[in-house]
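Single-letter residue listing:
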Amino acid sequence: MGQDSRSDAPKTGVDRWRDAAKDTKARGSKPKGSGKRAGGLSSAARGHVGALVVMLALCAACAVAFTPVGEKITQGLDIQGGVSVILSASKSDGTQPTSEDMQTATSIVQSRVNALGASEATVQQQGASSILVQIPGATDATSTVEAIGQTGHLEFVRLDDIGDAEALAKIQAGTQNVKLEEGTYTAFLDGSSITRTQVTESQTSVGTYVVNVTFDSAGAQTFSDVTRELAPTKGRIAIVLDGVVNSAPAVQSQIDGGEVSISGSFTAESAQALKTALDSGSLPVTLTYSESRAVGPTLGQDSLAQGVLALAVGVAVVVCYLFFFYRGLGLLTLGSLAVFAVLYLGLLATLSHFGLFALSLPGLAGIVLTTGSAADSSILVLERFREEVRMGRTVRNASVSGTSHGIRTSLDADVVTLITALALLVVATGDVRGFGLTLALGVVCDVVTMFLFKAPALRLLSLGAIQKAPGFWGISQDLAEAQRKADVRTSVTRVQKGGEANA
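Cut-offs used in this document
Residues numbered from 1 in each chain as written. Predicted model: local features only at pLDDT ≥ 70, side-chain atom pairs only at ≥ 80, totals over all residues. Heavy atoms only, no water. Helix = DSSP H or I, 4+ residues; strand = E, 2+ residues; numbered from the N terminus. Contact = heavy atoms within 4.5 Å. Areas by Shrake-Rupley, 256 points an atom, 1.4 Å probe, with all protein chains shown as cover. Salt bridge = Lys/Arg side-chain N within 4 Å of Asp/Glu carboxyl O. Buried < 20%, exposed > 50% of the residue type's maximum accessible area, 1.4 Å probe, protein only. Pairing = 2+ DSSP bridges. Phe/Tyr/Trp six-rings, centres within 6.5 Å; stacked < 30°, edge-to-face > 60°. Axes fitted to C-alpha atoms, helices over the stretch in contact; angles between N-to-C directions. Parallel < 35°, antiparallel > 145°, perpendicular 65-115°, else oblique. Left-handed = near helix turned anticlockwise from the far one by under 90°. Nonpolar A, V, L, I, M, F, W, Y, C, P; charged D, E, K, R; others polar. Disulfide = S-S within 2.5 Å. Expected span 1.5 Å × (residues − 1). Core = buried A, V, L, I, M, F, W, Y, C linked by side-chain atoms within 4.5 Å. Patch = residues over 30% accessible without salt bridge, like charges linked within 9 Å, V, L, I, M, F, W, Y side chains within 5 Å.

Draft legend 1. Representation of the overall build of the protein chain in the model. The number of helices and strands found in the protein chain is 17 helices and twelve strands. Within the protein chain, counting contacts between residues at least 6 apart in sequence, those at least 24 apart form 73% of the total. About 25500 Å² of surface is accessible on the protein chain, with carbon and sulfur atoms providing 57% of the total.

This is how it looks when you write it as structure tokens:
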């Protein structure tokens, strides 16, 4: 009776796995129905290997993109050092600047910053009437603020209307940036009449450039009248910005229609500088400094080093924890973190290449936070896998169901984090947006890592490696617990069948 009851008792996943292992060892081949082709991999194994190959290709591309890290990932103001300025806009009549006024002012400030040679600077509207300017690498906050914050009063002055003899002599001698004393000249036109400026290559002189200016109807008429008077004597018109003569081209002929081409053997740089001066004169608002600060490069680099050290220590502690509690399975999480880091750095380097990202200290905090989330998602998958083993499933089945449930749980948490990160990107301003961006990018990299590395790697290992050495992979206790539960169920079944037989 006892023998019959054992044969009738339902087999657990552990029993089936052990029976399959014994049959495999006895026959020297895999059990039937494994799905493995002669001399090849099973269909499931081929799918897992394919996902890992795709992941390897992505990692290789990312490694090329971010190497070397210090050069490929742009550093922000608070790390590289530089100047940060907030300019407040107001109108002379006391009204609130319109969105069109702010767009024009932001564009002009961007031109001024570009004229300073700050290629990595950022200029963006902040709120309804402020402009945030950040110039990494700048060291002199005062001169930078003066250069980008001036109102830019542009005037057109006939040279024969300048009463400062000394200044006039310097202009005629070709001296650049001559300062005119206030009250010594009379302007016939100002920058408010300019509607458009453009730099084009000269059609008559190779390698030189001209600046094309378009006036409104009133300005066009005034300019036509003045040039008609000056054309016979090749008189000159001084372009004066904030009392300083920027250029003084000679009038070759009467100019009608409001289309003016200013030439003078300009290079691309000097033509762009003149265009910036002309644009500055049409600034529709008055800009004042509400805040300016300079960050030294030494302080920023020290902060970066401390942030990287904190990240390294945190990862080291997590790795020690994983190896202590999960043994060989800790290698899987360590590999997941490595893949996650490569994808993350590659994505940051790519965005930096297109000018869409600059690493700031809040952004570094987002990287640290999302790295911890990536480690947490790996632990969720491993714990669910071991739980499935303890429930009596085979290692192979536990890897499939465990990763599915673990990833689903992790995705729920990632969605909440992603919503928060996107909210910060949309609502927040300044450095807080950098935190939201790195947080969102980390979630994306974690999801990709889960589907293309964590799940296929664990399922591939469960097809043979974990079954052959459960002690190394840290699931021997889980298998033992599953067996104890199975023995208890078997004993209960025997008692129940014995009672039915006696009855």
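Draft legend 2. Region of interest: the pattern of salt bridges. Summed over all chains, the structure comprises eleven salt bridges. Among the ionic pairs, R158 bridges to D160, the shortest N-O distance being 3.0 Å. For R158, the salt bridge goes to E229, with nearest N and O atoms at 2.5 Å. A residue pair is termed long-range when its members are at least 10 positions apart, and R158 in strand β4 (residues 154-162) and E229 in helix α9 (residues 217-230) qualify at 71 residues.

Draft legend 3. View of the environment of F385. If you trace the backbone, F385 turns up in helix α13 (residues 361-390). Relative accessible area serves as the criterion here: at 0%, F385 is assigned to the buried category. With 13 residues separating them along the chain, F385 and A398 place their C-alpha atoms 5.6 Å apart. The contact partners of F385, leaving out residues within four places of it in the chain, are L329, V395, A398, S399, G402, L458, I466 and I475.

Draft legend 4. Examining the pairing of strand β10 (residues 244-247) more closely. Sheet topology note: the strand β5 (residues 178-179)/β10 ladder contains two bridges and is antiparallel. Considered in β10, the bridge of K179 is made with V244. Where strand β9 (residues 237-241) meets β10, three bridges bridge the pair, whose relative direction is antiparallel. By the bridge assignment, V240 is partnered in β10 with V245.

Draft legend 5. Structural detail: the packing of aromatic side chains. One pass over the structure, following the stated rule, counts nine aromatic pairs. Judged by centre distance (4.7 Å) and plane angle (45 degrees), the ring pair of Y321 and F325 falls under tilted. Taken together, the residues Y321 and F325, both in helix α11 (residues 297-326) and four residues apart, mark about one turn of the helix. Given the relative accessible area of 44%, F325 is considered partly exposed. The interplanar angle of 85 degrees and the centroid separation of 5.1 Å between the aromatic rings of F472 and W473 together place this pair among those described as edge-to-face. Since its relative accessible area comes to 46%, F472 is described here as partly exposed. In this structure W473 comes out as buried when scored by relative accessible area, which is 11%. Here a set of aromatic residues connected by ring pairs shows up, and it is made of F156, F188, F215 and F223.

Draft legend 6. Fine view of the packing of α13 against helix α15 (residues 431-461). Between α13 and α15, whose axes approach to 8 Å, the crossing angle comes to 25 degrees. Put simply, α13 runs roughly parallel to α15. Both α13 and α15 take part in a crossing whose hand is right-handed. The residue makeup of the contact of α13 with α15, split by class, is twelve nonpolar, nine polar and three charged.

Draft legend 7. Broad picture of the state of the cysteines. Considering all chains together, one arrives at zero disulfides under this definition. Here C445 stays free of any disulfide, with the sulfur of C62 as its closest cysteine sulfur at 7.5 Å. By relative accessible area, C445 is classed as buried at 4%.

Draft legend 8. Geometry of the sheet that holds β4. One open sheet holds the five strands; their spatial order is β5-β10-β9-β4-β6, and the pairing between them is antiparallel. Only two strands of the sheet have a single neighbouring strand rather than two, namely β5 and β6 (185-190). The sheet contacts of helix α8 (residues 165-172) involve β4, β5 and β10, and relative to β4 the element is tilted by about 100 degrees. Against the sheet, α9 engages β4, β6 and β9, with an angle of about 130 degrees to β6.

Draft legend 9. How the structure looks around the environment of L460. Following the sequence through the fold, L460 ends up in helix α15. Put simply, L460 and H48 are 412 residues apart on the chain and 6.2 Å apart in space, counted from C-alpha to C-alpha. Among all residues touching L460, those that are not within four sequence positions of it are A45, H48, V49 and L52.

Draft legend 10. Structural context of α13. Between its first and last C-alpha, α13 extends 44 Å over 30 residues, near the 44 Å set by a 1.5 Å rise per residue. One or two residues past the end of α13 sits G392, with phi positive at roughly 105 degrees.

Draft legend 11. Main features of the nonpolar core. Ranked by size, the top nonpolar core spans 44 residues in total, and within it L329, L359, F385 and I466 carry the most contacts. Elements with a minimum of two residues in this core: α3 (43-66), α11, α12 (329-353), α13, α14 (395-427) and α15. Among the elements that line this core, the one with the most residues is α12, at ten residues. Counting 23 residues, the second largest nonpolar core, distinct from the first, contains F188, I239, A271 and L274.

Draft legend 12. Examining a nonpolar patch on the surface more closely. The grouping of F323, L331, L334 and F472 at the surface amounts to a nonpolar patch, some 340 Å² of accessible area in total. Note that F323 resides in helix α11. With a relative accessible area of 32%, F323 lands in the partly exposed category.

Draft legend 13. Structural context of α3. The end-to-end C-alpha distance of α3 is 35 Å, a good match for the 34 Å that 24 residues give at a rise of 1.5 Å each. Every buried residue belonging to α3 is among A45, H48, A51, M55, C59, C62 and F66, and all of these are buried. The elements touched by buried residues of α3 are α4 (69-72), α12 and α15.

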